[in-house]
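# Topology and contacts: notes
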Amino acid sequence: MSSLVRLTYGILFSLIFLTKFARCVPFHPTKRASEDKGESFCSLHHPGTGEFYDLSPLSRSNLSAKGDYNVSGYDYGVNFTLNLCKPVTSNISNYAFAGDIPSPESIGGFFTDERKRLFSIGETSYQPYFRGKKLIMELENGSICPSSDDLRMRSIISFSCNRDPYASSSISYIANVFDCAYFFEWKTIHACPTVKKETTLNPFSVFLIFCTVAFLAYFVGGCMYNRAIFNARGLRQIPNYDLWNSMLSFIVDFTIIAFTSLGSCFNFRKPSGIRLGEGTMNNMEDALIDDIDTNA
C-alpha cells in the first residue's frame, strides 16, 4: 500500500472519529425514574432518537404566583389540582385526608368532594418516561381506591407537543377507570424536543475542531508527500519548510531587536556603579589613543 493511500485512509478515519466525538446530542437510552438515575430533573432523552425533552419549566413552587394547575373534571363532578415534578403548593391543611394517604407532604395531584375530603390521585413523580412515542408522567401511591382494599389511586399524564409560542399550556381530563386510575392530556411547547445546552458544542469548539482536522491533513499529508515524492528526510519533510524556517528566523530576529530597543529606552547601570554615558565613552577612547601613542 502506497504512502498516499495510507494517508487517505488515515484522514478518513480521523474525520469519522471527530464526527462521532462532536455529536451535539449523545445517545442516552431513557428508562423509568426508578431505573434510571442519570437524567436531569424532570427531563430525559428519547431512547431512539436521542432528542432532549425538558419539562422542568412546567414545575411550580411555593414562590410561584400562579400556584398549582387546576383541571376541570367536567361531567365527572369534581375538579383536579396538579403540579409537575414537585408536590402541590395548595394549602391542604383544611381538608380531611381520605383513603389512607401515605405521605400528605408528597401529594402530586388531588381532588376534593363536597364533604371536604381530599383524595390523592398520586404522589409526586420527578422523572418522565417514554412509552412508545408518547411522553408520559405517572403519579402513583395515592389514596386507596373506593372499589378496592389494597389498590391505590394513580394518574397518568400524556404530554403532547404544541409548538405555538403564544399558546399557554393546557391540561385536559380524559377519563378514569373505576375511580382509581385517572388519565390527563397536557399540551405544551415544553413537550417538544430541544437540544440539551450542556452537550451542545459552541461555535468556537466547532471552529477549533475544523482547524485541527485541516492542520492534521496539511501537516501529515505534506510530510508523507515530501517523503514519498521528493525523498525528503528530517525537518525537510515538513511542508513548505523554507517558508516556516524563514518565518521562525524573522520572529527570532524581531524578538532580539525588540528587546534591544526596549533596553535602550531605560537608563541601565553596570554592577560596579559606573554609568556608561557619552562622556565616559569619550574618556575611554582618549585613554586608548594615549596608550597607543605611548607604546609607539
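Structural notes, computed from the coordinates. Quick caveat, the model's predicted, so the values are computed rather than measured. (Residues numbered from 1 in each chain as written. Predicted model: local features only at pLDDT ≥ 70, side-chain atom pairs only at ≥ 80, totals over all residues. Heavy atoms only, no water.)

## Thoughts on the sheet that holds strand 4 (residues 80–82)
Pairing is mixed in the open sheet, where five strands are placed in the order 3-4-6-7-5. Each edge of the sheet is formed by a strand with only one pairing partner; in this case those strands are strand 3 (69–71) and strand 5 (96–98). Across the sheet, the mean angle from the axis of one strand to that of its neighbour is 30°, orientation sign disregarded. As paired strands, strand 5 and strand 7 (residues 117–120) are joined by three bridges and run parallel to one another. Among the inter-strand pairings, F97 is bridged to a residue of strand 7, identified as L118. (Pairing = 2+ DSSP bridges. Helix = DSSP H or I, 4+ residues; strand = E, 2+ residues; numbered from the N terminus. Axes fitted to C-alpha atoms, helices over the stretch in contact; angles between N-to-C directions.)

## Points about the nonpolar core
In this structure, F80, L84, F159 and F184 are the most contacted members of the largest nonpolar core, which totals 31 residues. Core analysis: the next-biggest nonpolar cluster, separate from the first, contains six residues, I92, I101, I107 and L118 among them. (Core = buried A, V, L, I, M, F, W, Y, C linked by side-chain atoms within 4.5 Å. Buried < 20%, exposed > 50% of the residue type's maximum accessible area, 1.4 Å probe, protein only.)

## What to know about the state of the cysteines
Under the counting rule described, the total for this entry stands at three disulfides. Bridging C42 to C85, the disulfide has an S-S length of 1.9 Å. Since a negative S-S torsion denotes a left-handed disulfide, the C42-C85 link at about 70° is right-handed. Pair noted here: C42 is in the loop between helix 1 (3–21) and strand 1 (43–45) and C85 is in the loop between strand 4 and strand 5, with a separation of 43 residues, a long-range link. Taking the relative accessible area as the measure of exposure, C42 reaches 0% and is therefore buried. For C85, a relative accessible area of 2% translates into the label buried. (Disulfide = S-S within 2.5 Å.)

## Quick word on the packing of aromatic side chains
Counted under the stated rule, the structure contains 18 aromatic pairs. On the numbers, 6.4 Å between centres and 85° between planes, the contact of Y76 with F111 is edge-to-face. Of this pair, Y76 sits in the loop between strand 3 and strand 4 while F111 sits in strand 6 (residues 109–112), and the two are 35 residues apart along the sequence. Exposure remark for F111: the relative accessible area of 6% places this residue in the buried category. These aromatic residues form a ring-pair network of at least three members: Y76, F80, F111, F119, Y173, Y182 and F184. Directly above the ring of Y69 sits R60, whose terminal nitrogen or CZ lies 3.8 Å from the centroid. (Phe/Tyr/Trp six-rings, centres within 6.5 Å; stacked < 30°, edge-to-face > 60°. Lys NZ or Arg CZ within 6 Å of the ring centre and 35° of its normal.)

## As for the pattern of salt bridges
The final tally for this structure, using the stated rule, is five salt bridges. D113 is the partner of R117 in a salt bridge, and the nearest nitrogen-oxygen pair spans 2.8 Å. Residue class for R117 comes out partly exposed when judged on its relative accessible area of 29%. Accessibility expressed as a relative area gives 15% for D113, which makes it buried. A salt bridge links E140 to R154; its shortest N-O distance comes to 3.6 Å. You can see E140 sitting in the loop between strand 9 (134–139) and strand 10 (154–161) and its partner R154 sitting in strand 10, a full 14 residues away along the chain. Residue E140 is classed as partly exposed on the basis of its relative accessible area, which comes to 32%. (Salt bridge = Lys/Arg side-chain N within 4 Å of Asp/Glu carboxyl O.)

The quantities given are spatial measurements derived from coordinates; they are silent on function.
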